[in-house]
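The primary structure of each chain is shown beneath.
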Amino acid sequence: MNDTPDRPRTRWGVFTQPDFRLLWTGETVSGLGNSITVVALPLIAVEVLDASSTAVGLLAAAVWLPWPLVGLPVGAWVDRIHKRPLMIACDLVAGAALVSIPLAAWLDALTFQHLVVVALICGTAAVCFNTAYHSYIRIVLDDRDLLEGNAKLQGSEAATQIAGPGVAGLLAQAFGAVTALVADAVTFLVSAVCLKRISVVEPDRALDEERVPLRRQISEGLRFVGRDRYLRPMVTWGAVINMALMGYQTVQVVFLVRTVGLNPAMVGLLLTSGSTGGIVGALVATRVSRRFGAARGLLLLQVTTAPFALLLPMTTAGPGLLLFAMGAFLVGIGISVANIVVGSFRQTYCPPHMLGRVVATAMMINHSTIPLGSLLGGVLGDAVGYRSAMWIMTGVVAPCWLVLATSPMRRERDLPQTYEPEQVQ
């Protein structure tokens, strides 16, 4: 952890720390690139390779498939090594993989299988990077700055999700969807340079920890999350809501175009509503946690925002578009605040030597349901219609807060700051 002397608070907060500024800049630029990829890869599949909607769903699932496949061993591995070199390597590998797509296209050798392989490579790099990244934040920032730092990072992520699709559309329109991936590769290079310039020194791992078999370390991470009365419901909630969110997000574009009858420009505008809500959530997360407490504030926001997901399938042309915008905006607020509070809680609560495994276990479980949600949403859309599929998946989002309500959070104002063995049952 970065041990710094007490300093007066300023309106710039954690941005006064050079290492955090570098981390934030790198992640913001890289996040913009990721948002470009989310739009560019399906466009390439459809426009260049004439892929079917099922194939596009498979491509989306391939990005998340590495989480259930390698998430657990990566978590144990990250606890053994320095985080920054791994993160830099992941940036470079992902950038090189993305560059291979325009190169293959210019040589008239691009195939759908190539896109899937690149999606798997980038997904695997994301598993390693994100696991290390969530542990590395604790090294760059003091415990007292983690909530604010995570809020800043979450806010910039939401902002890039707004700007990314627009930038991708402009690049694709001007230069073609294939060329747009070159810009994405450059963002990974910028992220790697920023990480390289961070000056904080990571602590060395203890030799006795390195001798522990990898399988035993994985089991320790699973047991820690599975037995903890706070982490277990958080992970369960994350897995269920991720499946439901991805389920309706898989069909929402087709729903808006084919059922509601919107043009692409209006679809893009509506989809920014959720990201705008993410920015607002990042801005209010710290205030909500201080006003109501982290536990009570998290539960309160889920109760008051998740049910508004049911507005999405009610969307109709004309004034009815406001239903989609409002629903996506409010759900975005709830999800953003939850990501900040839960992420900050894990970073302060978990023992440092366990953090990589706990993060990887939680994210593996949470992300493993995303491919399932993608496939389920696509299948439901074809089987029962796009509006009905939206009703089914948003019908799962709306009551998800009940999972958190069964945890100790319903009785407590704040989440604990440090782990104590007696909190395990």
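Located above this text is the structure these notes cover.
Below or above, wherever it landed, is the structure these notes cover. Position numbers for residues start from 1 in each chain and track the written sequence from start to end. Whole-chain, interface and lining totals are the exception, using all residues; otherwise, since this is a predicted model, local features are given only for residues with pLDDT of at least 70 and side-chain atom pairs are given and counted only at 80 or more. Calculated side-chain values reflect all of the structure's heavy atoms, with hydrogen atoms and water omitted.

**Here's the deal with the overall build of the protein**
Along the protein, the regular secondary structure elements total 16 helices and zero strands. Exposure classes here rest on a 1.4 Å probe applied to the protein chains alone. A residue is buried below 20% of its type maximum, exposed above 50%, and partly exposed in between. Residues classed as buried in the protein amount to 53% of the 425 residues present. Here a residue-residue contact requires only that any non-hydrogen atoms of the pair lie within 4.5 Å. Long-range contacts, defined here as pairs at least 24 residues apart, represent 87% of the contacts in the protein between residues at least 6 apart. Note on conventions: DSSP H or I runs of at least 4 residues are helices, E runs of at least 2 residues are strands, and numbering of each starts at the N terminus.

**Here's the deal with helix α9 (residues 214–227)**
Taking 1.5 Å of rise per residue, 14 residues should cover 20 Å, and α9 covers 20 Å from first to last C-alpha, within 8% of that figure. Looking at α9, one finds that the buried residues are Q217, I218, G221, F224 and V225. Relative to the axis of α9, the buried residues are bounded by an arc of 125° and lie together on one face. For a helix, the expected span equals 1.5 Å multiplied by the number of residues minus one. Throughout, the arc means that of the directions going from the helix axis to the C-beta atoms.

**Some points on the packing of aromatic side chains**
Under the pairing criterion, centres of Phe, Tyr and Trp rings, with the six-membered ring standing for Trp, must be within 6.5 Å; the plane angle then separates stacked pairs below 30 degrees from edge-to-face pairs above 60, leaving the rest tilted. Inspection of the entire model under this criterion finds six aromatic pairs. With a centroid separation of 5.1 Å and an interplanar angle of 80°, the aromatic rings of F15 and W24 are classed as edge-to-face. On the basis of relative accessible area, W24 is assigned to the partly exposed category, the value being 26%. Among the aromatic side chains, those forming a connected cluster through ring pairs are F15, F20 and W24.

**Some details on the layout of surface pockets**
Its volume calculated, the second largest pocket comes out at about 370 Å³. A cavity here means a set of points on a 1 Å grid, drawn over the protein atoms and nothing else, where a 1.4 Å probe fits but cannot get out; a pocket is an open set with protein on both sides within 12 Å along at least five of seven lines, and a residue lines either one if it has an atom within 4 Å of a point. In this structure, the second largest pocket is lined by 18 residues; those nearest its centre are L147, S289, A294, S344 and Q417. Among the elements of the structure, α6 (146–175), α11 (264–292) and α13 (321–349) are those that each provide at least two residues to the lining of the second largest pocket. When residue character is reported, Ala, Val, Leu, Ile, Met, Phe, Trp, Tyr, Cys and Pro are called nonpolar, Asp, Glu, Lys and Arg charged, and the others, Gly included, polar. Split into classes, the residues belonging to the lining of the second largest pocket amount to seven nonpolar, five polar and six charged. Grid points are joined across faces, edges and corners, and a volume is the space filled by probe spheres set on the points.

**Concerning the environment of V341**
Tracing the sequence through the fold places V341 in helix α13. For V341, a relative accessible area of 4% puts it in the buried group. For the pair V341 and A151, spaced 190 residues apart in the sequence, the C-alpha separation amounts to 8.6 Å. Dropping the residues within four chain positions of it, V341 is found in contact with S289, A294, L298 and L415.

**Let's talk about the packing of α9 against helix α14 (residues 355–384)**
Between α9 and α14, the least distance of the axes is 9 Å, while the angle of their chain directions is 65°. Taken together, α9 and α14 sit at an angle that is classed as roughly perpendicular. Judged by the twist between their axes, the crossing of α9 over α14 is right-handed. Across the interface between the two elements, Q217, I218, E220, G221, L222, F224 and V225 of α9 pack against R357, V358 and T361 of α14. Its residues assigned to classes, the contact of α9 with α14 comprises five nonpolar, three polar and two charged. Angles run from 0 to 180 degrees between N-to-C directions of axes, and those axes are lines fitted to C-alpha atoms, restricted for helices to the stretch in contact. The scheme is simple: roughly parallel for angles under 35 degrees, roughly antiparallel for over 145, roughly perpendicular for 65 to 115, oblique for anything else. In this scheme the handedness of a crossing depends on how the near helix is turned from the far one: anticlockwise by less than a right angle means left-handed, clockwise means right-handed.

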